[in-house]
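# Topology and contacts: notes
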Amino acid sequence: MPKVSKKKTEPNSANQVPKLLVLKHGQKRVMVNRHKSFKVMLDGACKHFPTIPRDAVTFQTNQLDICEGHYVDITAESWDKVIDLLTSVEVTRTEIPLPAPLLPSNAEAISLPGNQSAGPAPQPEDNKHDTLSAHDKVTVQLVLPSGDVIFTTVKKTTRVQKLVNMAARKSGSCPDNYKAARSGARLHHEQSVEWHNILDGDIINLWVEQVGGKPVIYLYSPSDVDVSIKLSLSSEWSFSAIYPVVASKQENGQHIEWNVRTHPDGSLTERNSGLDVSYLFWEAETNSNALPRSPASEVQSLDVFSPTSSTLSDTDSIVVSVDKVTVYLDKSLKALGLHTEARTSFITYWLPSILKHEYIALRFVPQPAYERAASLSISPQPDVVTRVFMLFRGVRKEHLADWSNAQVQAEKDVAWWADVVGVDLARAGDVALFRVLEWGGMEVLI
């Protein structure tokens, strides 16, 4: 990850300020001329990272003490005051919260068997053989996670679960994984269409509830230190498990705080309970009130991590057969700074889920993107923080042709993941420093 500099001093003269600056976005690093003008630097960022719309470009840094280890946006007003203090700048895409998902304009319309019309939404009165009155039925649009749309006409007494089952059959997925909502409000699967007051033409959005699996946080200090660890989730997540158990608070997302004493052997003592533990554990699931920002078929930018609509693509992932996954993971995790016990725990935790598939697509999330979904604030400030979060999904053999680049990427030296995530391997392994290591992951179920 970008280094958190502990020595920041105001330069005495312009000659002390390097003329060059490194712009970073995902894996790409570009050395450019340093400018006091925010507009000039914005022009340069747009030139070198054309996949980011100009109005979505954001500059960030965590190199100043005032950032407290977090990635903080650099505004146009503050640019000329901080630029001379930085050696590199993260170029990221602004995440703009979306309203409740609506019917995609380019969605593929699908009529289920039993509907008479193969065109747009069939009207109940089109079925002349149905003895029920048109007033007893409604036609609804089911928006799948893929962005596809199913038009179907059902009785008002139909349970929502039946609509969920329709969507699952179309997607070839387990219906237990699906959740349904209308106009941003979650629907109860056991209740009827009429109970929810679902009207003719209403849009029902379906998505898969994702779970962030076993993120654990290790703290290593050269001596005993009393430490506060605050973890804040974005509104897309809610805590499902915490250990040692502490109370969570709700304010623009959930927050927890551990107070521990670190020891040189890596063990921790939780000060409220007196528990001695090896690490701090948390798990979260997607918030029932948070709908996906975009269909799962829409590939996210590398520097964006949305828990509700995480994606993997042929351009940002690797694909390997299941029998090669463990070796690949062990090498990759070692390159990312995980010690033997952490690598073993990581692999054995995810192995049962991995073995269900023929092939696995996986990628590691850049730390700035992960930080926006699960912000970590530690006091006193560590010398180095390494947060490793993996996304993975199963790939069927017949779909391998869609992952040709990812298969080639799997043959590369795994050291490239350190650049993607942003890991300073030398500092992460320096036992003289106060270090924090976190690992976790999530299986993308759609």
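Preceding this paragraph is the structure being described.
A brief report on the enclosed structure follows.

If you tally the helices and strands in the protein, you get 9 helices and 24 strands. Expressed as a percentage of the 446 residues in the protein, the buried residues total 52%. Partitioning the contacts of the protein with sequence separation of at least 6, the portion at a separation of at least 24 is 72%. Of the accessible surface of the protein, which amounts to about 21,000 Å², a share of 51% is contributed by carbon and sulfur atoms.

On the surface, Tyr243, Val245 and Leu275 cluster together to form a nonpolar patch covering roughly 280 Å² of accessible area. Inspection of the secondary structure puts Val245 in the loop between β14 (237-243) and β15 (249-250).

Looking now at helix α1 (residues 38-48). Of all the residues in α1, the buried ones are Met41, Leu42, Gly44, Ala45 and Cys46. Next to the buried residues of α1 lie β1 (20-25), β2 (28-33), β3 (57-61), α2 (79-82) and β5 (88-93).

What follows is about the environment of Asp55. Within the element layout of this structure, Asp55 appears in the loop between α1 and β3. Residues Asp55 and Arg93 lie 38 residues apart in sequence; the distance between their C-alpha atoms is 9.0 Å.

Burial analysis of strand β24 (residues 435-443) places 9 of its 9 residues in the buried class, which makes it a mostly covered element. Both strand β23 (residues 384-395) and β24 contribute to a ladder of 9 bridges, which runs parallel. Bridge pairing in β24 places Val385 opposite Val436.

The residue Arg343 is located in helix α5 (residues 340-354) in this model. A distance of 2.8 Å separates a polar side-chain atom of Arg343 from the backbone oxygen of Leu338. In this structure, Arg343 is in contact with Asp330, Leu333, Lys334 and Leu338, ignoring residues within four places of it in sequence.

On to the pattern of salt bridges. For the coordinates displayed, the defined rule picks out 13 salt bridges. Linking Asp84 and Lys36 is a salt bridge whose minimum nitrogen-to-oxygen distance equals 2.8 Å. Here Lys36 lies in the loop between β2 and α1 and Asp84 lies in the loop between α2 and β5, a separation of 48 residues in the sequence. Accessibility expressed as a relative area gives 22% for Asp84, which makes it partly exposed. A single network of salt bridges, built from pairs that share partners, joins Lys39, Asp43 and Arg54.

Taken as a whole and judged by the stated rule, the model has 15 aromatic pairs. With a centroid separation of 5.0 Å and an interplanar angle of 90°, the aromatic rings of Tyr349 and Trp350 are classed as edge-to-face. Judged by relative accessible area, Tyr349 falls into the partly exposed class, the value being 31%. Chaining the aromatic ring pairs together yields one cluster made of Trp237, Phe239, Trp282, Tyr370 and Phe389.

We now examine unusual backbone geometry. Omega for the peptide link from Tyr243 to Pro244 comes to -10°, which places this bond in the cis form. With respect to the helices and strands, the residue Pro244 is situated in the loop between β14 and β15. In this structure, the amide linkage connecting Ser379 to the following residue, Pro380, adopts the cis form with an omega of 0°. Assignment of secondary structure puts Pro380 in the loop between β22 (374-379) and β23. One non-glycine residue, Asn197, lies in the positive phi region at around 60°. Looking at where Asn197 falls in the secondary structure, it is placed in the loop between β10 (185-186) and β11 (203-208). In this structure, Asn252 takes a positive phi of about 55° despite not being glycine. Relative to the elements of secondary structure, Asn252 occurs in the loop between β15 and β16 (254-262).

Note: α-helices contain 3.6 residues per turn, so residues at a spacing of three or four share the same orientation. End to end, helix α4 (residues 322-335) covers 20 Å across 14 residues, agreeing with the expected 20 Å (1.5 Å per residue, within 8%). Listed as buried for α4 are Val322, Val325, Tyr328, Leu329, Ser332, Leu333 and Ala335. Against the buried residues of α4 lie β20 (318-321), α5, β21 (359-364), β23, α8 (416-421) and α9 (425-428). Within two residues after α4, Gly337 carries a phi angle of roughly 95°, on the positive side.

This part is about the environment of Phe49. Locating Phe49 in the fold gives a position in the loop between α1 and β3. C-alpha of Phe49 to C-alpha of Val30: the two residues are 19 residues apart in sequence and 9.4 Å apart in space. Not counting the four nearest positions on each side in its chain, Phe49 is found in contact with Leu23, Lys24, His25, Lys28, Val30 and Val91.

Relative orientation and spacing of two packed helices are given, respectively, by the angle between their axes and the distance between those axes. At a minimum axis distance of 10 Å, the contact between α4 and α5 shows a crossing angle of 155°. In terms of orientation, α4 lies roughly antiparallel with respect to α5. When you trace α4 past α5, the crossing you get is right-handed. Contacts between α4 and α5 pair Val322, Val325, Thr326, Leu329, Asp330, Leu333 and Lys334 from the former with Arg343, Phe346, Ile347, Leu351 and Ile354 from the latter. For the contact of α4 with α5, a count of residues per class yields 8 nonpolar, 1 polar and 3 charged.

With that out of the way, let us pick up the sheet that holds β1. Strand order in the open sheet formed by 5 strands is β2-β1-β5-β3-β4, and the pairing between neighbours is mixed. Here the strands that pair on one side only, and so sit at the sheet edges, are β2 and β4 (72-74). Pairs of neighbouring strands in the sheet enclose a mean axial angle of 40°, with direction left out of account. Taken together, the 3 bridges between β3 and β4 define a ladder with antiparallel strand orientation. Its bridge partner lying in β4, Thr61 is registered against Val72. This element, α1, spans β1, β2, β3, β4 and β5 of the sheet and lies at about 105° to β3.

Criteria and thresholds
- Residues numbered from 1 in each chain as written.
- Predicted model: local features only at pLDDT ≥ 70, side-chain atom pairs only at ≥ 80, totals over all residues.
- Heavy atoms only, no water.
- Helix = DSSP H or I, 4+ residues; strand = E, 2+ residues; numbered from the N terminus.
- Buried < 20%, exposed > 50% of the residue type's maximum accessible area, 1.4 Å probe, protein only.
- Contact = heavy atoms within 4.5 Å.
- Areas by Shrake-Rupley, 256 points an atom, 1.4 Å probe, with all protein chains shown as cover.
- Patch = residues over 30% accessible without salt bridge, like charges linked within 9 Å, V, L, I, M, F, W, Y side chains within 5 Å.
- Salt bridge = Lys/Arg side-chain N within 4 Å of Asp/Glu carboxyl O.
- Pairing = 2+ DSSP bridges.
- Polar contact = N/O pair within 3.5 Å; in protein donor to acceptor, adjacent residues only side chain to side chain.
- Phe/Tyr/Trp six-rings, centres within 6.5 Å; stacked < 30°, edge-to-face > 60°.
- Expected span 1.5 Å × (residues − 1).
- Axes fitted to C-alpha atoms, helices over the stretch in contact; angles between N-to-C directions.
- Parallel < 35°, antiparallel > 145°, perpendicular 65-115°, else oblique.
- Left-handed = near helix turned anticlockwise from the far one by under 90°.
- Nonpolar A, V, L, I, M, F, W, Y, C, P; charged D, E, K, R; others polar.

It is worth stressing that arrangement in space is one thing and function is another; only the former is reported here.
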